[in-house]
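Report on the structure
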Amino acid sequence: MRRLFPHPLISGALFVMWMLLNQTVSPGPALVGIVVAALGGWALDLLQPPPLRIRRPMIALKLLGHVLVDVAQSNLGVARVIFGQRKDRRTGFIRVQLALRDPRPLALLACILTATPGTAWVEFDEEDGWLLLHVLDLVDEATWVSIIRERYEQPLMEIFP
């Protein structure tokens, strides 16, 4: 069974997603979903990702809490900008020097920053570690740099060895 589905959780998630997208439980789409799930598991197996180790799960939960609060606050801030309550806003790009180099925490940081309304991960220079970030409501660049380094990057460095 492990040869057919080398990553059973990924294959199972792909199958469930396929069935939800098709909105049916008939045999035809189910058979195609099984093929898609098997191919997805094999493709992931070909990539041979190293095993994921989370060193400090409590810090991960704290980071999740910070992210949820920040996303909620950003939603309110973007709503104020859209509805014209913030006339003094200024958009801009900021550059942040990151210490992270591992692709997995960098990908998670990219997801966090892009999921936060009003911010977008634009570019990352792998050699020098510079992140280019677009901010919709850029009040203070130093505050943004501090938030990214202390609130997101530091916990990610502790979570992923």
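On a predicted model such as this, the values are computed, not experimentally measured, just so you know.

Regarding its fold elements, the protein chain presents 5 helices and 3 strands. For a compact globule of 161 residues, the expected C-alpha radius of gyration is about 15 Å, and the protein chain comes in at 20 Å, more than 25% above that figure. Its C-alpha atoms give the protein chain principal-axis dimensions of roughly 60 × 40 × 30 Å. Here the protein chain holds 161 residues, and 28% of them are scored as buried. Pairs at least 24 apart in sequence give 69% of the contacts found in the protein chain among residues at least 6 apart. Accessible surface, the protein chain as shown: approximately 10700 Å² in total, 65% of it carbon and sulfur.

Bringing a negative patch on the surface into the picture now. A cluster of acidic residues, Glu123, Asp125, Glu126, Glu127 and Asp128, forms a negative patch on the protein surface. With respect to the helices and strands, Asp125 occurs in strand E2 (residues 119–125). By relative accessible area, Asp125 is classed as partly exposed at 30%.

Compared with the 27 Å implied by 1.5 Å per residue over 19 residues, the 26 Å span of helix H5 (residues 141–159) between its first and last C-alpha is a close match. Of all bends in H5, the biggest is about 35°, found at Glu153, and the proline Pro155 comes one to four residues later. All of the buried residues along H5 are Trp144, Val145, Ile148, Tyr152, Glu153, Pro155, Leu156 and Ile159. Considering only its buried residues, H5 is in contact with helix H3 (57–82), strand E1 (92–97), helix H4 (103–115), E2 and strand E3 (130–135).

All right, on to the pattern of salt bridges then. In this structure the tally under the stated criterion is 2 salt bridges. The partner of Arg56 in a salt bridge is Glu158, with the nearest N and O atoms 3.3 Å apart. In this pair, Arg56 is assigned in the loop between helix H2 (27–47) and H3 and Glu158 in helix H5, connecting sequence segments 102 residues apart. Looking at Glu158, the relative accessible area reads 25%, which means it is partly exposed. A salt bridge links Arg151 to Asp70, with the nearest nitrogen and oxygen atoms 3.0 Å apart.

Counting 22 residues, the largest nonpolar core has Ile94 and Leu98 as the members making the most contacts within it. Mapped onto this core, the elements with two or more residues apiece are H3, E1, H4, E3 and H5. Take this core: its biggest share by element is 6 residues, from H5. Among all residues touching Ile94, those that are not within four sequence positions of it are Leu131, Leu132, Leu133, Val135, Leu138, Glu141, Trp144 and Ile148.

Procedures and definitions
- Residues numbered from 1 in each chain as written.
- Predicted model: local features only at pLDDT ≥ 70, side-chain atom pairs only at ≥ 80, totals over all residues.
- Heavy atoms only, no water.
- Helix = DSSP H or I, 4+ residues; strand = E, 2+ residues; numbered from the N terminus.
- Rg over C-alpha atoms; globule rule 2.2 N^0.38 Å.
- Buried < 20%, exposed > 50% of the residue type's maximum accessible area, 1.4 Å probe, protein only.
- Contact = heavy atoms within 4.5 Å.
- Areas by Shrake-Rupley, 256 points an atom, 1.4 Å probe, with all protein chains shown as cover.
- Patch = residues over 30% accessible without salt bridge, like charges linked within 9 Å, V, L, I, M, F, W, Y side chains within 5 Å.
- Salt bridge = Lys/Arg side-chain N within 4 Å of Asp/Glu carboxyl O.
- Lys, Arg positive; Asp, Glu negative; His and termini not counted.
- Charge placed at Lys NZ, Arg CZ, Asp CG, Glu CD.
- Expected span 1.5 Å × (residues − 1).
- Bend = angle between axes of the 7 residues up to and from the residue.
- Core = buried A, V, L, I, M, F, W, Y, C linked by side-chain atoms within 4.5 Å.

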